[in-house]
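# Descriptive structure summary
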Amino acid sequence: MITDDPLLVTAVQLSCPPPHELWVFGWQALGGPQHTLSEQGQQLLETARQASAVLVDWQLAQAPLINTLGFYLRRQATAPLIALCRTGPEAQIAALVAGADAALTFPLQPALIQAHQVAYQRLVRDLRLEATAATLPHDVRQVGRLRLDRTAHRFFIDDQEVEVTPREFALLDFLLSRPGVACSRHEILAHVWGITFDTGTNMVDVYMYFLRRKLEAHGLKNVIRTIRGYGYRLDLPAEPPEKNT
């Protein structure tokens, strides 16, 4: 379980008494720079190999880290990431959009958590069977100084690799497929999150903010333009000046 709230820990322990066992990780030590996983985050992934589920105290501010954690958990395909929401459907929708595999409210039922684990493992098994039946072509998108290797899941500015979260990667993939084209927030939600309705959150704006910070850190400003009241547009980044010989 991931939380900094001792009251939430107690609530889960009461809902899932022995023989259920609970390991607790705090938010503060879990994340590294740029929403990556710290050493303790890697320890959580190892612990998850023995767990029925990874429970996470849902917080919108932690959405990028939740997305990163869900990505790595799905790669090792052992336990679903289940968000614990303190409020109603709005929080559950936001948690699922952010990358959780399921979203529950209190009181918790151990049998329901285990059912989510069974459903998750069935889905993983089916996807693995599908993946082994197909070959993966080498697929790269390049727009100016930006290069996205979709096969290796890597992003480069010029020839320098930039670490991005899985959701940021998906956003870049979408924007690079439409350089210079105005993309509405609804389009972005549909293509990047698979959501065709208004979630009632500013999830797109939050992720665009994080992505812009990473681009600006590498000298690319105003590459992602805000179109007020509509959405965003990827403007082609200028080519770097040639070095004098």
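For the structure itself, look to the data block above.
Nothing here was measured: the structure is a model prediction, and the numbers come from that model.

Within the open sheet, the 3 strands sit side by side as E8-E10-E9. Their pairing is antiparallel. Single-partner strands in this sheet number two, and they are strand E8 (182-184) and strand E9 (224-227). Direction aside, the axes of adjacent strands within the sheet are offset by 30° on average.

So, on to the nonpolar core. In terms of nonpolar packing, the biggest core is built from 57 residues, with Trp58, Leu146, Phe155, Ile188 and Trp193 touching the most fellow members. Residues Cys16, Leu55, Leu104 and Leu108 belong to the second largest nonpolar core, which totals 12 residues.

Relative orientation of the contacting elements helix H6 (residues 166-176) and helix H8 (residues 203-217) amounts to 85°, with a least axis distance of 10 Å. Relative to H8, the element H6 is oriented roughly perpendicular. Contacts between H6 and H8 involve Arg167, Glu168, Leu171, Leu172 and Leu175 from the first element and Tyr207, Met208, Phe210, Leu211 and Lys214 from the second. Residues belonging to the contact of H6 with H8 are distributed by class as follows: 7 nonpolar, no polar and 3 charged.

The subject of this paragraph is the sheet that holds strand E1 (residues 54-57). Read across the sheet, 3 strands follow the order E1-E2-E3 without closing on themselves; strand pairing throughout is parallel. Of all strands in the sheet, those with a lone pairing partner are E1 and strand E3 (102-104), marking the two edges. Within this sheet the neighbouring strands show an average axis-to-axis angle of 30°, counted without direction. On top of the sheet, helix H3 (residues 63-76) reaches E1 and strand E2 (81-84); it is set at about 150° to E2, its chief contact.

In this structure, Asp57 sits in strand E1. In contact with Asp57, not counting residues within four places along its chain, are Ile2, Thr3, Asp5, Leu8, Trp27, Leu84 and Arg86.

Here we come to the pairing of E2. Burial of E2 is two-sided: the residues Leu81 and Ala83 facing one way and the residues Ile82 and Leu84 facing the other way are all buried. Across 4 bridges, E1 lies against E2 in parallel orientation. Paired with Val56 across the bridge in E2 is Ala83. Traced from E1 through H3 to E2, the parallel crossover comes out right-handed. Pairing of E2 with E3, which is carried by 3 bridges, proceeds in the parallel orientation. Across the sheet, residue Ile82 finds its bridge partner in E3, namely Ala102. Crossover handedness for the path E2 to helix H4 (residues 89-98) to E3: right-handed.

Parameters and conventions
Residues numbered from 1 in each chain as written. Predicted model: local features only at pLDDT ≥ 70, side-chain atom pairs only at ≥ 80, totals over all residues. Heavy atoms only, no water. Pairing = 2+ DSSP bridges. Helix = DSSP H or I, 4+ residues; strand = E, 2+ residues; numbered from the N terminus. Axes fitted to C-alpha atoms, helices over the stretch in contact; angles between N-to-C directions. Core = buried A, V, L, I, M, F, W, Y, C linked by side-chain atoms within 4.5 Å. Buried < 20%, exposed > 50% of the residue type's maximum accessible area, 1.4 Å probe, protein only. Parallel < 35°, antiparallel > 145°, perpendicular 65-115°, else oblique. Contact = heavy atoms within 4.5 Å. Nonpolar A, V, L, I, M, F, W, Y, C, P; charged D, E, K, R; others polar. Right-handed = clockwise from strand over helix to strand, strands pointing away.

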